[in-house]
Amino acid sequence: MSTAILKASPIHFGPFPVTTQVFHLTRYSYALVNLKPILPGHVLISPRRVVPRVADLTPTETSDLFLTVRRVARMVERVYGASSLNIAIQDGVDAGQSVPHVHAHVIPRRARDLEARGGVDAVYELLEGEEGDLNRILEGRVEKGEEGEGENGERRRKFPKVDDEDRHPRSLEEMEAEARFLMGEMAKEKEE
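The rules behind each value
- Residues numbered from 1 in each chain as written.
- Predicted model: local features only at pLDDT ≥ 70, side-chain atom pairs only at ≥ 80, totals over all residues.
- Heavy atoms only, no water.
- Pairing = 2+ DSSP bridges.
- Helix = DSSP H or I, 4+ residues; strand = E, 2+ residues; numbered from the N terminus.
- Axes fitted to C-alpha atoms, helices over the stretch in contact; angles between N-to-C directions.
- Contact = heavy atoms within 4.5 Å.
- Core = buried A, V, L, I, M, F, W, Y, C linked by side-chain atoms within 4.5 Å.
- Buried < 20%, exposed > 50% of the residue type's maximum accessible area, 1.4 Å probe, protein only.

Engineer: Describe the sheet that holds strand S4 (residues 29-33), with residues and values.
Structural biologist: Strands sit in the order S3-S4-S5-S7-S6 across an open sheet of five strands; the sheet is antiparallel. Single-partner strands in this sheet number two, and they are strand S3 (22-25) and strand S6 (84-89). Each strand of the sheet is rotated relative to its neighbour by a mean of 20 degrees, with strand direction disregarded. Bridge count between S6 and strand S7 (residues 104-109): six bridges; the pairing is antiparallel. Bridging from a neighbouring strand, Ile89 pairs with Ala104 of S7. Strand contacts of helix H2 (residues 59-79): S3, S4, strand S5 (43-47), S6 and S7, with the helix running at about 165 degrees to S5, the strand carrying the most contacts. On the sheet, helix H5 (residues 172-186) packs against S3, S4 and S5 and is oriented at approximately 35 degrees with respect to S3.

Engineer: Quick rundown of the nonpolar core? Include the residues and the values.
Structural biologist: By size, the foremost hydrophobic cluster in this structure holds 23 residues, and its most contacted members are Phe23, Val43, Ile45 and Val72. Looking at this core, the elements with two or more residues in it are S4, S5, H2, S7 and H5. At six residues, H2 tops the list of elements feeding residues into this core. Setting aside anything within four residues of it in sequence, one finds Val43 in contact with Phe23, Leu32, Val33, Val72, Val76, Ala104, His105, Val106 and Leu182. Phe13, Tyr30, Leu32 and Leu44 belong to the second-largest nonpolar core, a separate cluster that totals ten residues.

The structure is reproduced here in structure tokens:
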């Protein structure tokens, strides 16, 4: 896949244009670098068609999405020297989904990599906490310690903040550089 192919048609993550952050593209899915990775190599895989929930995917989109997750995960594990992976989908707002577009997180893991942030399972709080709310970050509306409201008007409390101010949104230039690097690494992966 070349950069020219990506520029031929814009790619959106929910309402946000992400074309230059995409490093792998199939007919139905794409993989992109993350604005605020929990760990180096944390990437997202999403269907090209913007749909909010897994149940909204066609069988073809579902198959392609998970085959793409599998292929990208292999590359991420190899490139980032991981011994394990977290692969997570937050399917709906009450599951912590911050952008209403199906996406799988692929996070490379190593022994004791999140020990300072609460241990192995800290990744789940980091995904669901305010630092993971990409919709608010991308729209420039991040407010610390905010509570939310559920679909039925009930109050929802977000997970407590697990990490600190060290986790900032990356610049577009940083994300584009990583996307170019990972595009080259994806070219080394065998298609199945």
